[in-house]
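Listed below are the residues making up each chain.
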Amino acid sequence: MAIANDIIRKQGDTYPIEVSILKENGAPLDLSGAVDFLMGVASTETVVAPAEPELLLGGAAASELGGKVSFNLTTAQATDLLPGDYFAEIQFVQSGFVITTETFRYRVKGHIVS
């Protein structure tokens, strides 16, 4: 089972989102050879087709052995997601298998300076 750390961001911040993907025991998951990283963020725990998540980002391994994945987002993506608590999952392909993390929290905080 793959788990990911919760994310807390300020609305409008565009620096890359870095997520740690871990094993159940808390050790980093070895992402060697993993491809096609996608992170979905939604206001509900499940999204039933044809509905789509509020945010869908492609990413890449930032540290394969360290279990870190980085996702870039545009200014529009960073500002369109309103402050609040969301649900997120990361999915990727490794050794021919599709792996999806457990659902984790994605929190967007408001900001004072814009």
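For the structure itself, consult the block above.
Only a predicted model underlies this, so the values are computations on that prediction, with no experimental measurement involved.

**Details of the overall build of the protein chain**
Scanning the protein chain for helices and strands turns up one helix and nine strands. Counting from the amino terminus, the protein chain carries its helices and strands in the arrangement β-β-β-β-β-β-α-β-β-β. In summary, the protein chain has a C-alpha radius of gyration of 14 Å against a globular reference of 13 Å for 114 residues, a match within 12%. In terms of its C-alpha atoms, the protein chain occupies a principal-axis envelope of roughly 40 × 30 × 25 Å.

**Structural notes on the layout of surface pockets**
Here the idea is plain: a probe the size of a water molecule rolls over the atoms and shows the empty space left. Approximately 270 Å³ is the volume attributed to the largest pocket. At the level of elements, strand E4 (35-42) and strand E7 (84-94) are the ones that each hand at least two residues to the lining of the largest pocket. Class assignment for the residues of the lining of the largest pocket results in 10 nonpolar, six polar and two charged.

**Concerning the nonpolar core**
Among the nonpolar cores identified, the biggest contains 26 residues, and Ile17, Met39, Phe71, Ile90 and Tyr106 are the most heavily contacted of them. When contributions to this core are tallied by element, the ones reaching two or more residues are strand E3 (17-22), E4, strand E5 (55-63), strand E6 (68-71), E7 and strand E9 (104-109). Per-element tally for this core: the top contributor is E7, with four residues. Excluding its chain neighbours within four sequence positions, the residues that come into contact with phenylalanine 71 are Pro16, Ile17, Val19, Phe37, Leu38, Met39, Leu57, Gly58, Gly59 and Ile90.

**Considering the pairing of E4**
Here E4 pairs with E7 via six bridges, running antiparallel. Counterpart to alanine 42 in the pairing with E7 is phenylalanine 87. Across five bridges, the pairing between E4 and E5 is antiparallel. In the strand pairing of E5, valine 41 is matched with leucine 55.

**Concerning the side chain of threonine 101**
Note on placement: threonine 101 falls in the loop between strand E8 (97-100) and E9. The class of threonine 101 is buried, set by a relative accessible area of 3%. Among residues more than four places away in sequence, those in contact with threonine 101 are Ala2, Ala4, Ile21, Glu89 and Ile90.

What counts and what doesn't
Residues numbered from 1 in each chain as written. Predicted model: local features only at pLDDT ≥ 70, side-chain atom pairs only at ≥ 80, totals over all residues. Heavy atoms only, no water. Helix = DSSP H or I, 4+ residues; strand = E, 2+ residues; numbered from the N terminus. Rg over C-alpha atoms; globule rule 2.2 N^0.38 Å. 1 Å grid on protein atoms, 1.4 Å probe; cavity = no way out; pocket = protein on both sides within 12 Å on 5 of 7 lines; lining within 4 Å. Points joined across faces, edges and corners; volume = space filled by probe spheres on them. Nonpolar A, V, L, I, M, F, W, Y, C, P; charged D, E, K, R; others polar. Core = buried A, V, L, I, M, F, W, Y, C linked by side-chain atoms within 4.5 Å. Buried < 20%, exposed > 50% of the residue type's maximum accessible area, 1.4 Å probe, protein only. Contact = heavy atoms within 4.5 Å. Pairing = 2+ DSSP bridges.

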